[in-house]
Amino acid sequence: MAVEVPVFVASGVGGDDWAHRLLAAPEVRVVPTPRAATVLFAPGAFPGAMADALGSVHDQLPHPRVTVWWPGDAADARRPPVEDALVLDTSPSGPDFVRALMSVLDGDRDSEPDVLSDEPPADFEGKGDHGQGGEGMMGGVPYGRPMATTGDDRDGLALDRLEFRAGPFLAGFPTGFALDVVLQGGVVQEARPVFLAPAGDGTPAPVADPFVRARRERVPVAHLERARARHHLAWAARTCWASGLDAVARRAAAHAVRSGDAPAPSRALRCLRRLVAGSGLPRVWEGVGRFPASVDLEGVGGPVARAAGVNVDARNDDPAYADLAFEPVRHDGGDAAARLRQRLVEAEQALTLAARAHETGAIHEPEHPVEPLRGDFSSRVAADQFGKMLVGFDWGDTVITVLSLDLPPLVSFRRGE
Amino acid sequence: MTGRVHAEVWAGPLLVSVVLATGIYLVAVADIVADRVVAGRRPGVGVFTDPVRRAALLVNQQDTTTERPDAALRDLAPATYISLAALGLTVVPWSSTFSVADIEAGIVLWGAVEALVVVAAFLAGWSPNSHQPLLAAYRFVGAGLSYLLLSMFVLIAAALPAESLRVGAIVDAQHGLWNVVRQPLGLPLFAVVALGSTFWGPVGFAGGHDLADGVNAEASGPRRLVWDVGRAAMLTTFSAFGAAMFLGGWQGPWLSGPAWMVLKTVGLLAALVATRHLFARMRTERFVTLCWTVFLPLGFLDLGIAGVGTLL
């Protein structure tokens, strides 16, 4: 039976590369809420707090449900807290999910039981006449969960303050990243980034990554640039999906998967760029997510800096690129729209460079720095800085900002301001 | 002619049921076709059976619940929404002699339907007792007033040439010149209202992947299916109403009146469905600004054009 399998993706440590590949699989429909899914796809490792978060998501899937775990390259990857998870021993593909779905529908596998106990995290602490916690009819922390109380917002209106944690598996959030937020009427009043799996938590970097190899050995420029194109197209796919453009996301994901086979920019890629531009997504993102002036964008580097007009690109000084007619691309604005345009142009440029490098045989030498895929946020952006940047944003703008930065998995910002 | 035929009492509910059932299926098929074409894939003949498979999968799923939802409102919200879709369809004439309820104040009834959609959507966000649905409901209501006002001006403008609020009279008044020609701003602005009221595409504020599917974030199994059916039904109703108000309704050469209504409704339906795959959802703040600084002035202009046209 041909059916699209509704899958919710919860990426663990080392599993962030799989979200866009699933978008390219015709047998799979990636859904934004676990309540709509039958299969929970959990690629990567799930240490500590990530395991707790995954358990919470798992228990929201309706029965019949099945978890598909792909441990990836890490031989000792910490498995998700689902005992009966279906473990893949080869790279996931669409038919794997169809088999998983059919196994529960046909009764070959039992639907997975809950991971967490159905008990409140704390006892109810009643205060008022009717057992309610806090002040008057509202507020307090009944069952360990903060209830909304009214408070003045920036305009002096007394609105309910909703306090909750968003992520780590929300659409567009990088692996291990969550936000503790206080919202009033949909506008962020307070925000604090939370890092559930700080880098170095026992997960080795993927050795096959050309950007990792380029630090210690000679790597063909064509490999680097194809990987760069693949990365930016995968980001475009995840971004379009998180923005509700499911079909455009699938097209971008297919390009990302195929970019290794078709090294030159194609008419199809230009069609993708026109679709993205025509969707209005760049116009929607205009004016959103600019960093404050206190952030050192030159230090951050990467597409985020170039999207703000900063001329910083390690390829400028790499002799391997001198013969490839490389010119760094920059945009003005420094907002989310500029970052979107920047990455789409850089993807096309990367494929052009890859085609030229393939003909000339250009080699990157390890003594020259390699231009990273993303900027350096960990040492250049403070957690408080990031949190304060989001204050006053609409929730949608908050997600756009996080999406546009393409934060690396397991990102953590420095302390202080 | 009042546009009312003396029919058996069951004819009205039967017509509404058949139209909505057909429309719901066509929305599902069109949605899949648009998705695959934009994604660069061939639709294939499976598009005609895939909606049935999806529905079967949802029926087979557990209807999960959150902790301490407002259970009564949680059931009332989708029931209200679907009922409003059915109610709105009753004022649409399907031929020169037949409609379910071509009342003298058809536009007023339609306005009430649109306003109550906001209530149904907010209840859907309120009732699960969960953050994402509530925030989506806030967002929907925050933007809703802007396009509901727009709807008023656009529909009054369409009614002016007929000098009547009865939908059948508005269709009759388009004999020889459809409203989409003499009031070119009307249909595009009405499409904005349609998309907002069905949480669809660029104006789908009650949904959104950034809020884990918005008001439906906690809906699973049959409850999710009911909401999908409800939105498809509302799209069908808006398309049929739009066909009557702006595309001349049942009027057209060679084919029968009902055949023209069906063709025009399906055409409008396909266009509305496709927007979800072609256009990104707007930011709430930008949309509200656009509504008040661009769309509403265009609505006034549309009303002015209609007024001048009526006087001449």
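Because the structure is a prediction, the values reported are computed rather than measured.

Basis of the calculations
In every chain, residue numbers begin from 1 and rise along the written sequence. Both sets of labels track the order of writing: A upward for chains, 1 upward for ligands. Per-residue local features are limited, in this predicted model, to residues with pLDDT of at least 70; the limit for side-chain atom pairs, both in listing and counting, is 80 or more; totals at the level of whole chains, interfaces and linings are taken over all residues. Note: side-chain values were computed over all heavy atoms of the structure, leaving out hydrogens and water. In this analysis, two residues are considered to be in contact whenever any of their non-hydrogen atoms come within 4.5 Å of each other. Buried surface area refers to the total accessible area, computed with a probe of radius 1.4 Å, that the two partners give up upon joining, counted for both partners together. Take a side-chain nitrogen of Lys or Arg and a carboxyl oxygen of Asp or Glu: if they are within 4 Å of each other, that pair is a salt bridge. Pairs of N or O atoms within 3.5 Å make up the polar contacts considered here, provided that, within protein, one atom can donate a hydrogen while the other can accept it, and that residues adjacent in sequence are counted only when both atoms are side-chain atoms. The residue classification treats Ala, Val, Leu, Ile, Met, Phe, Trp, Tyr, Cys and Pro as nonpolar and Asp, Glu, Lys and Arg as charged. All others, Gly included, are polar. When DSSP finds two or more bridges between a pair of strands, those strands are recorded as paired. Starting at the N terminus, helices and strands are each numbered in turn, a helix being any DSSP run of H or I of at least four residues and a strand any DSSP run of E of at least two. Helix axes are fitted to C-alpha atoms over the stretch in contact, other axes to C-alpha atoms as well, and angles between N-to-C directions run from 0 to 180 degrees. Put simply, angles under 35 degrees are roughly parallel, angles over 145 are roughly antiparallel, angles from 65 to 115 are roughly perpendicular, and the rest are oblique. Here is the rule for handedness: rotate from the far helix to the near one, and if that takes an anticlockwise turn smaller than a right angle the crossing is left-handed, while a clockwise turn gives right-handed. To estimate the expected span of a helix, count its residues, drop one, and scale the result by 1.5 Å. Only protein chains enter the accessibility calculation, which uses a 1.4 Å probe; a residue is then buried when its area is under 20% of its type maximum, exposed when over 50%, and partly exposed in between. The residues that make up patches have over 30% relative accessible area and no salt bridge, and they are joined within 9 Å when like-charged or within 5 Å when they are Val, Leu, Ile, Met, Phe, Trp or Tyr. For every accessible area listed, the method is Shrake-Rupley and the probe measures 1.4 Å; residues are considered covered only by the protein chains on display. Per-residue confidence from the prediction method is given by pLDDT, with values spanning 0 to 100. Stacked, edge-to-face and tilted labels apply to pairs of Phe, Tyr and Trp rings (six-membered ring for Trp) whose centres lie within 6.5 Å, assigned for plane angles under 30 degrees, over 60, and everything in between, in that order. Note on geometry: a ring has a charge over it if NZ (lysine) or CZ (arginine) is within 6 Å of the ring centre and within 35 degrees of the ring normal. Here, nonpolar core means buried Ala, Val, Leu, Ile, Met, Phe, Trp, Tyr and Cys residues that are tied together by side-chain atoms lying within 4.5 Å of each other. With the strands pointing away from the viewer, any crossover whose connection runs clockwise from the first strand over the helix to the second is right-handed.

A. Quick peek at the interface of chain A and chain B. Each partner contributes residues to the interface: chain A has 56 residues there, and chain B has 45 residues. Both sides together, the interface formed by chain A and chain B hides about 4,100 Å², and carbon and sulfur atoms give 53% of it. With a shortest N-O distance of 2.8 Å, A:Arg35 and B:Glu218 are connected by a salt bridge. Here chain A and chain B share 14 residue pairs in polar contact (both at pLDDT 80 or more) between them. The residue inventory of the side of chain A that touches chain B, partitioned by class, reads 33 nonpolar, eleven polar and twelve charged.

B. Quick look at the sheet that holds strand 9 (residues 187–195) of chain A. All names here are of chain A. Read from one edge to the other, the open sheet built from four strands follows the order 6-7-8-9, with strand pairing classed as antiparallel. Two strands lie at the open edges of the sheet, namely strand 6 (149–152) and strand 9, each paired on one side alone. Between one strand axis and the next, the sheet turns through 30° on average, direction left out of account. Pairing geometry for strand 7 (residues 158–166) and strand 8 (residues 177–184), over six bridges, is antiparallel. Looking across to strand 8, one finds that Glu-163 is bridged to Val-182. Against the sheet, helix 13 (residues 383–390) contacts strand 8 and strand 9, and its axis sits at roughly 155° relative to strand 9.

C. Focus on the packing of helix 3 (residues 71–89) of chain B against helix 4 (residues 106–126) of chain B. All names here are of chain B. At a minimum axis separation of 8 Å, helix 3 and helix 4 run at an interaxial angle of 160°. Compared by their axis directions, helix 3 and helix 4 come out roughly antiparallel. The handedness of the crossing between helix 3 and helix 4 is left-handed. Judged by residue contacts, Leu-73, Leu-76, Ala-77, Thr-80, Tyr-81, Leu-84, Leu-87 and Gly-88 of helix 3 engage Leu-109, Trp-110, Val-113, Leu-116, Val-117, Ala-120, Leu-123, Ala-124 and Trp-126 from helix 4. Taken together, the residues that form the contact of helix 3 with helix 4 break down as 15 nonpolar, two polar and no charged.

D. Broad picture of unusual backbone geometry. Residue and element names in this part refer to chain A. Cis rather than trans, the peptide bond between His-63 and Pro-64 has omega equal to -5°. Inspection of the secondary structure assignment puts Pro-64 in the loop between helix 2 (48–58) and strand 4 (66–70). Cis geometry marks the peptide bond from Gly-167 to Pro-168; its omega dihedral reads 10°. With respect to the helices, strands and loops of the structure, Pro-168 is situated in the loop between strand 7 and strand 8.

E. Local environment of helix 3 of chain B. Residue and element names in this part refer to chain B. End to end, helix 3 covers 28 Å across 19 residues, agreeing with the expected 27 Å (1.5 Å per residue, within 8%). Inspection of helix 3 places Arg-74, Ala-77, Pro-78, Tyr-81, Leu-84, Ala-85, Gly-88 and Leu-89 among the buried residues, and these make up the whole buried set. Next to the buried residues of helix 3 lie helix 1 (11–38), helix 4, helix 8 (186–197) and helix 9 (221–246).

F. Focus on a nonpolar patch on the surface. Residue and element names in this part refer to chain B. There is a patch of nonpolar side chains on the surface, built from Tyr-25, Leu-26, Val-45, Phe-48, Val-52, Val-262 and Val-266 and spanning about 610 Å² of accessible area. Of all the elements in the fold, those that place two or more residues in the nonpolar patch are helix 1 and helix 10 (257–278). Positionally, Tyr-25 belongs in helix 1.

G. Geometry of the confidence of the model for chain B. With 97% of its residues at a pLDDT of at least 70, chain B reaches an overall mean of 92. Two numbers describe this predicted complex: its pTM, 0.92, and its ipTM, 0.92.

H. Representation of the packing of aromatic side chains in the model. As enumerated under the stated definition, the model contains 19 aromatic pairs over all chains in all. Seen from their ring centres, A:Tyr321 and A:Phe326 are 5.8 Å apart, and the 65° between their planes marks the pair as edge-to-face. Centre to centre, the rings of B:Phe199 and B:Trp227 are 6.2 Å apart; their planes meet at 40°, and the pair counts as tilted. With B:Phe199 in the loop between helix 8 and helix 9 and B:Trp227 in helix 9, this residue pair connects regions lying 28 residues apart in the sequence. A single burial state applies to B:Phe199 and to B:Trp227, both of which are buried. Pairwise contacts between aromatic rings join B:Trp110, B:Phe190, B:Phe238, B:Phe241 and B:Phe246 into one cluster. Lying over the aromatic face of A:Trp235, A:Arg343 brings its terminal NZ or CZ to 4.4 Å of the ring centre.

I. Spotlight on the pairing of strand 6 of chain A. Residue and element names in this part refer to chain A. By the bridge criterion, four bridges tie strand 6 to strand 7 in an arrangement that is antiparallel. Bridge pairing in strand 7 places Asp-152 opposite Ala-158. The hairpin turn running from strand 6 into strand 7, its antiparallel successor, is five residues long, and Gly-156 in that turn takes a positive phi close to 85°.

J. Quick peek at the environment of B:Ala11. Along the chain, B:Ala11 falls in helix 1. Remark: the alpha-carbon pair of B:Ala11 and B:Val100, spanning 89 residues in sequence, is separated by 7.9 Å.

K. Quick look at the nonpolar core. A:Trp285, A:Phe377, A:Phe386, A:Trp395, B:Phe241 and B:Phe287 are the most contacted members of the largest nonpolar core, which totals 175 residues. The element contributing the most residues to this core is helix 5 (residues 131–159) of chain B, with 13 residues. Apart from residues lying up to four places away in sequence, A:Phe377 is in contact with A:Phe291, A:Val300, A:Val304, A:Leu405, A:Asp406, A:Leu407, A:Pro408, A:Val411 and A:Phe413. Grouped together as the second largest cluster of nonpolar side chains are 25 residues, A:Val13, A:Phe46, A:Met50 and A:Leu196 included.

L. How the structure looks around the confidence of the model for chain A. A residue-level look at chain A finds 88% of positions with pLDDT of 70 or above and a mean pLDDT of 85. Averaged pLDDT values for the elements of chain A fall to 77 in strand 6 of chain A and rise to 95 in strand 1 (residues 5–9) of chain A.

M. Just the pattern of salt bridges, in detail. Per the stated rule, a full pass over the model turns up 42 salt bridges over all chains. Put simply, A:Asp180 and A:Arg192 hold a salt bridge, and the shortest N to O gap is 2.7 Å. Here A:Arg192 lies in strand 9 and A:Asp180 lies in strand 8, a separation of twelve residues in the sequence. The network of salt bridges with common partners includes A:Glu4, A:Arg29, A:Arg250, B:Asp35, B:Arg36, B:Asp50, B:Arg53 and B:Arg54.

N. Structural detail: the sheet that holds strand 2 (residues 28–30) of chain A. Residue and element names in this part refer to chain A. If you walk across this open sheet you meet the five strands as 2-1-3-4-5, and the pairing is parallel. If you trace the sheet from one side to the other, it starts and ends with strand 2 and strand 5 (86–87), each paired once. Packed on one face of the sheet, helix 2 meets strand 1, strand 3 (39–43) and strand 4 and runs near 165° to strand 3.

O. Representation of helix 1 of chain B. Over its 28 residues, helix 1 of chain B extends 40 Å from the first C-alpha to the last, a length consistent with the 40 Å expected when each residue adds 1.5 Å. Directly after helix 1 of chain B, the chain includes B:Gly40, whose backbone phi takes a positive value near 85°.

P. How the structure looks around the pairing of strand 4 of chain A. Residue and element names in this part refer to chain A. Burial analysis of strand 4 places five of its five residues in the buried class, which makes it a mostly covered element. Judged by which residues are buried, strand 4 turns out to be covered on both faces: Val-66, Val-68 and Trp-70 on one side and Thr-67 and Trp-69 on the other are all buried. Once the chain exits strand 3 it traverses helix 2 before rejoining the sheet at strand 4, and the crossover so formed is right-handed. Here strand 4 pairs with strand 5 via two bridges, running parallel.

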